[in-house]
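# Overview (structure and organization)
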Amino acid sequence: MYRFLLTPRWWGINVFVLLAIPFCVFMGSWQLSRFEARVDDQRTAEAQADSARTETPRPLAEMLPVDKATYGKRVTASGRYGEQLLVPDRELDGRQGFYVLTLLRTDGGRTLPVVRGWLPGAADAAKAPAPPTGEVSVTGPLQASETPGDNGVSAQGGLPPGQTGAISTASLINLVDDDLYDAWVTLGTADSGMTAVPASAPSGTGLDLKAFQNLGYTGEWFVFAGFVVFMWFRLLRREIEFARDAELGITEPDAPTSPEAGPPTAEAEAETDAGTQPAQDADVEASTPVR
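About the criteria used
Residues numbered from 1 in each chain as written. Predicted model: local features only at pLDDT ≥ 70, side-chain atom pairs only at ≥ 80, totals over all residues. Heavy atoms only, no water. Helix = DSSP H or I, 4+ residues; strand = E, 2+ residues; numbered from the N terminus. Buried < 20%, exposed > 50% of the residue type's maximum accessible area, 1.4 Å probe, protein only. Contact = heavy atoms within 4.5 Å. pLDDT = per-residue confidence, 0-100. Core = buried A, V, L, I, M, F, W, Y, C linked by side-chain atoms within 4.5 Å. Phe/Tyr/Trp six-rings, centres within 6.5 Å; stacked < 30°, edge-to-face > 60°. Lys NZ or Arg CZ within 6 Å of the ring centre and 35° of its normal.

## What about the overall build of the protein?
- Each helix and strand in the protein was counted, giving four helices and six strands.
- Element order for the protein, N to C, with α for helix and β for strand: α-β-β-β-β-β-α-β-α-α.
- Per-residue burial over the protein gives 31% buried out of 291 residues.
- Put simply, of all contacts in the protein between residues at least 6 apart along the chain, 66% involve residues at least 24 apart.

Here it is as structure tokens:
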């Protein structure tokens, strides 16, 4: 009854199943590991943010370049404020507003972007308080350059003069002539009249939309593996039923057809008609009553 398993067709089916199931399980496990890694990153970022509030701020130069170990750590820098820019379309506590970004020319000669605070409403330079004059010292969480399109960062171009969509060296280098740090700082305590901007998590980490996409893909791959197993058993059961019915004589094989036989020609049809015509005439004469 199970001899059909040795046919080439079933050899192909079995090989496909044996390859498909481990592949689906591997891909599902990989997607699950990606989700777990993002969960771990979220916990690490939260723990790092909590410890950063109590740690003594360290000089900016000691914390560069920005990586996962230094992201969100409190740093300090000194210098003089220079040009001021606005960062529109930034949400805080469910309200729409804008950041006030001021460039700090540090004592080392390079310029550090500093977010001095957030204000509600549309970006308006008249609403933004002027930066303090003279030598200042700033303290706040260290942040990496933003990437347009990630974590709510606008990728919109064509902004009015004095505005930038992203706080990044790539964007600011087109607006100012300063030698910029590839990092920025948000003040732990905002300047008067503004709300402090909290530190954000590094791009690509945390429980964001991509993390839950990884979790969804995990479920999909395991469903695919189960579907492959289900279809294999369904095909096997159908083949067994056909074989059993054939043994009991319930089903008969189809009449064999010759691959050499083609459609009937016109001559053959004419001969057939000629051969059947006398028989039809005889039937008609036999059925006609004699008067």
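## A closer look at the confidence of the model for the protein
- A residue-level look at the protein finds 75% of positions with pLDDT of 70 or above and a mean pLDDT of 79.
- The low-confidence segment residues 253-262, where pLDDT is below 50, has zero contacts with residues more than four positions distant or belonging to other chains.

## Regarding the nonpolar core
- L60, Y81, L104, L112, V114, V138 and L142 are the most contacted members of the largest nonpolar core, which has 15 residues in total.
- Among the elements of the structure, β2 (74-92), β4 (111-120) and β5 (135-143) are those that each provide at least two residues to this core.
- With residues near it in sequence (within four places) discarded, L60 still touches V75, T76, A77, L112, L142 and Y181.
- Among the nonpolar cores identified, the runner-up in size contains 14 residues, and V87, L101, I167 and W184 belong to it.

## Topic: the packing of aromatic side chains
- Evaluation of the coordinates by the stated rule reveals five aromatic pairs.
- Just above the ring of Y81 sits the side chain of R116; from NZ or CZ to the centre is 5.8 Å.

## Thoughts on the side chain of T218
- Here T218 shows up in helix α3 (residues 209-248).
- Leaving out residues up to four positions away in the same chain, T218 has contacts with G28, Q31 and L32.

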